[in-house]
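# Descriptive structure summary
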Amino acid sequence: MVLEKYKPSTRDTWRWRLPTIADIDNIVNLARQHFQSEMQDIVTINDFKFAHELAHVILAQNYSALNVQLIVAEQNSKIVAYAWIDRCITMPYSDDEMAEARFVHIDQTLPTRARVTIAAQILQQWEQWAMICRIPIIVSSTIRSSQDTFLRLHEQAGYTVRGSIAFKRIGKEND
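Now for a quick tour of the structure. Being a predicted model, the structure only gives us computed values, none of them experimental.

For the rest of this paragraph, the subject is the packing of helix 1 (residues 24-39) against helix 2 (residues 47-63). A pair of packed helices is captured by two measures, namely the crossing angle of their axes and the spacing between those axes. Contact pair helix 1 / helix 2: the axes reach a minimum separation of 10 Å and the direction vectors enclose 130°. Regarding the angle of helix 1 to helix 2, the classification is oblique. Crossing of helix 1 against helix 2: the hand is right-handed. Taken together, the residues of helix 2 that come into contact with helix 1 (itself represented by Ile24, Ile27, Val28, Ala31, Arg32 and Gln36) are Asp47, Phe50, Ala51, Leu54, Ala55 and Ile58.

A few words now on the packing of aromatic side chains. As enumerated under the stated definition, the model contains 4 aromatic pairs in all. Between Phe50 and Tyr82 the ring centres are 6.5 Å apart and the planes differ by 45°, which places this aromatic pair in the tilted class. Residue Phe50 is located in helix 2, and its partner Tyr82 is located in strand 3 (residues 78-89); the two are separated by 32 residues in the primary sequence. Residue Phe50 shares its accessibility class with Tyr82, and that shared class is buried. Site record: aromatic cluster; members linked through ring pairs are Phe50, Tyr82, Trp84 and Phe103. Positioned above the aromatic ring of Trp84 is the side chain of Arg102, whose terminal nitrogen or guanidinium carbon lies 5.0 Å from the ring centre.

If you walk across this open sheet you meet the 7 strands as 1-2-3-4-5-7-6, and the pairing is mixed. Both edges of this open sheet fall to strand 1 (15-17) and strand 6 (160-162), since each of them pairs with a single strand only. The mean inter-strand angle of the sheet, taken between neighbouring strand axes irrespective of direction, is 20°. The pairing of strand 2 (residues 68-75) with strand 3 spans 8 bridges and is classified as antiparallel. Bridging across to strand 3, Val68 finds its partner in Asp86.

Rules of the game
- Residues numbered from 1 in each chain as written.
- Predicted model: local features only at pLDDT ≥ 70, side-chain atom pairs only at ≥ 80, totals over all residues.
- Heavy atoms only, no water.
- Axes fitted to C-alpha atoms, helices over the stretch in contact; angles between N-to-C directions.
- Helix = DSSP H or I, 4+ residues; strand = E, 2+ residues; numbered from the N terminus.
- Parallel < 35°, antiparallel > 145°, perpendicular 65-115°, else oblique.
- Left-handed = near helix turned anticlockwise from the far one by under 90°.
- Contact = heavy atoms within 4.5 Å.
- Phe/Tyr/Trp six-rings, centres within 6.5 Å; stacked < 30°, edge-to-face > 60°.
- Buried < 20%, exposed > 50% of the residue type's maximum accessible area, 1.4 Å probe, protein only.
- Lys NZ or Arg CZ within 6 Å of the ring centre and 35° of its normal.
- Pairing = 2+ DSSP bridges.

Spelled out as structure tokens, the structure:
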């Protein structure tokens, strides 16, 4: 993978793990604090609904890690990022299954280098998960007003970027 230099290492000040039900409030708070402003003029934000959806995803992941992936990055006992990707998405004109990225939220007070590294590690983890699940395509999109760096990371990782949507076919072994 082109983003090899971003692989998790001892230099990272965070660690990746699967979230628990106890993490839901911290995930919701991270989303509200750093990203709610991106959507609040478009949709009505409902923290309870988001918490409810997170609870379902965490429980589903506990019983079948091949259907959804929700991961958190923790630094000094604080969640500083999370990423959520689902499977079973298809286009109306294709039977090819896709994994659809739902969220990448990273604490915007972290240094730029840390945010870029975390985002790159998320892309790596999505690809590994898709390969294990034998999902041939990953699709990732962004609604952020500042999206250049995020989409550039996708391009570096081999995604095809069209507008604010990035697609990647994962190895021929999945076809």
